[in-house]
Amino acid sequence: MKTAAIIAEYNPFHNGHKYQIEETKRQTGANFIVVVMSGDFVQRGIPAMYSKTFRTRSALLSGADLVIEMPIFGTLSAAQDFARCGVSLFHHMGMIDVLSFGSESGNIEELWQLADHSALETNEQSALIREGLRSGLTYPQALTLAKKETVPASPNDILAVEYLKALKEFSSDISPWTLKRSDPGYHSEDRNGSFASATAIRKAVFSKDLEFLAAVLPDSHFECMKEESEVPLFPNDFSLLLNQKILTSDLEKLQNIFGMPGDLAAKLYKNRLEFFRTDTLTALRKDRQYTYARVSRALMNLMLDISVEDQCMFADLFRAPWIRILGFKRSSSLLLSELKRHCDIPVIAKTADAKNILSSSAYELFKKNLTASELTRMVRELKSGKSQKNEFTQAPVMIP
């Protein structure tokens, strides 16, 4: 039995994701595909458009065999720790043979070269970073430019490189395999036949461009739309919750939020009586030092009360405190048997079981993960006027 793994967000699930699953099976000879998927929030620091149940069902209908949830502490982290979390979960499952990921180049040797170089900052790169900062770039922009000038690779390969670095860090036996990206580019709003970037698709969902969506989303998405009948969520849907948290937090609490720079905490506290929509607030608080995504993650961590101590506890548990099953195919029952046989961390299929099988520290983290999901469900229910199952009544998705 050969099992391949994918770390994903599926925000939303589109034809490019389906293509990756199909090509991974075809080119690696994998019998099964396991996906670690972000839950209610994604790495860019925004809420997932559709529920994890919706996206899990879509992935299973399009070829995945098992979907597990990435804990919120991994999801709302920078690229390095996001990658570490996903790889650690697969490492502890003990039955993954291949890690599949997309890249601009589709060249694994080039990505290994970049991974080896990225751990070291040469004198030439340091000079280029200083030059970039003087010209007005943010530090991440200057760093990306410096790496691009000295090691030939696309900025879109950053996550791919972090996956390789994480595999090396864990001394993992999992083999990396990369597929050349088929969409027009990460931030492109164009369409390449039936492929488009997630950025373009989210914009089409927001503007209700059904013609564009019909061309780039698989049939499974529309099947799930009928099955789940839910509205998409956007950052501004959380504006009230975020402003309330800023208003009622003292400076010490703001400074103790994971990923919250000290000067950003001070700005939020100083201007706590000014209320903005989430997108406006994020744009106002970013500056040349911090990317939009970093500010977004800090704000979401604040809204969810994710502290520095929480992340330290998560890191102490190797960023893999549990395996939480979101859905699976009944025809892939052998995969579940192998998971139970090889996995060396608790496997959660039923939410109510978590308290009895997790350590006290892991359970404290699990409760915060549940809170993130329930807050998202509350916002979705109030927006749609329709009730949804909660974390205790929602069973894992199962398809034939």
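Let us look at the structure shown here.

Rules of the game
Residues numbered from 1 in each chain as written. Predicted model: local features only at pLDDT ≥ 70, side-chain atom pairs only at ≥ 80, totals over all residues. Heavy atoms only, no water. Helix = DSSP H or I, 4+ residues; strand = E, 2+ residues; numbered from the N terminus. Rg over C-alpha atoms; globule rule 2.2 N^0.38 Å. Buried < 20%, exposed > 50% of the residue type's maximum accessible area, 1.4 Å probe, protein only. Contact = heavy atoms within 4.5 Å. Areas by Shrake-Rupley, 256 points an atom, 1.4 Å probe, with all protein chains shown as cover. Core = buried A, V, L, I, M, F, W, Y, C linked by side-chain atoms within 4.5 Å. Disulfide = S-S within 2.5 Å. Phe/Tyr/Trp six-rings, centres within 6.5 Å; stacked < 30°, edge-to-face > 60°. 1 Å grid on protein atoms, 1.4 Å probe; cavity = no way out; pocket = protein on both sides within 12 Å on 5 of 7 lines; lining within 4 Å. Points joined across faces, edges and corners; volume = space filled by probe spheres on them. Nonpolar A, V, L, I, M, F, W, Y, C, P; charged D, E, K, R; others polar.

### Section: the overall build of the chain
- In terms of helices and strands, the chain carries 20 helices and 12 strands.
- Taking 2.2 N^0.38 as the reference for a compact globule, 400 residues should give roughly 21 Å; the C-alpha atoms of the chain span a radius of gyration of 21 Å, in line with that estimate.
- Reported as C-alpha extents along the three principal axes, the dimensions of the chain are approximately 55 × 50 × 50 Å.
- A total of 400 residues make up the chain; the buried ones form 52% of that total.
- A fraction of 76% describes how many contacts in the chain between residues 6 or more apart in sequence connect residues 24 or more apart.
- Accessible surface for the chain amounts to roughly 17800 Å². Of this, 52% is attributable to carbon and sulfur atoms.

### Re the nonpolar core
- The biggest cluster of nonpolar side chains holds 77 residues, and the ones touching the most others in it are Phe41, Leu66, Phe90, Met93, Leu99, Leu268 and Leu304.
- For this core, the element with the highest residue contribution is helix H20 (residues 360–384), accounting for 8 residues.
- Residues within four places of phenylalanine 90 in sequence aside, it is in contact with Ala5, Ile6, Ile7, Val34, Val35, Val36, Ile96, Leu99 and Ile174.
- Counting 20 residues, the second largest nonpolar core, distinct from the first, contains Phe13, Ile21, Ile33 and Val35.

### So, the environment of threonine 199
- Topologically, threonine 199 is positioned in helix H9 (residues 198–207).
- A C-alpha to C-alpha distance of 9.6 Å links threonine 199 and proline 12, two positions 187 residues apart in sequence.

### A short note on the state of the cysteines
- Scanning the entire structure with this criterion turns up 0 disulfides.
- Left without a disulfide partner, cysteine 85 is nearest to the cysteine sulfur of cysteine 343, which lies 13 Å away.
- The exposure class assigned to cysteine 85 is buried, which follows from its relative accessible area of 0%.
- You can see cysteine 312 has no disulfide; the closest cysteine sulfur is in cysteine 85, sitting 15 Å from it.

### Here we look at the packing of aromatic side chains
- Taken as a whole and assessed by the stated rule, the structure comprises 9 aromatic pairs.
- With a centroid separation of 5.5 Å and 40° between ring planes, the pair formed by phenylalanine 73 and phenylalanine 314 is classed as tilted. Within this pair, whereas phenylalanine 73 is found in helix H3 (residues 72–75), its partner phenylalanine 314 is found in helix H17 (residues 308–316), the two being separated by 241 residues in sequence. For the residue pair phenylalanine 73 and phenylalanine 314, the accessibility class agrees, reading buried in each case.

### Points about empty space enclosed by the protein
- Per the counting criterion, the structure on display carries 2 cavities of 30 Å³ or more.
- The computed volume of the largest cavity comes to approximately 160 Å³.
- For the largest cavity, the lining is made up of 14 residues, of which Arg324, Ile325, Leu326, Gln394 and Ala395 are closest to its centre.
- For the lining of the largest cavity, the leading source of residues is strand E10 (residues 323–329), giving 3 residues.
- Of the residues belonging to the lining of the largest cavity, the class tally is 7 nonpolar, 3 polar and 4 charged.
- Quantified by volume, the second largest cavity comes out at close to 50 Å³.
- Taken together, Asn243, Ile246, Lys267, Leu268, Asn271, Arg272, Glu274, Phe275, Leu281 and Arg285 make up the full set of residues lining the second largest cavity.
- Elements represented by at least two residues in the lining of the second largest cavity include exactly helix H12 (239–247), helix H14 (262–270) and helix H15 (278–285).
- Here the lining of the second largest cavity is built from residues that sort into 4 nonpolar, 2 polar and 4 charged.

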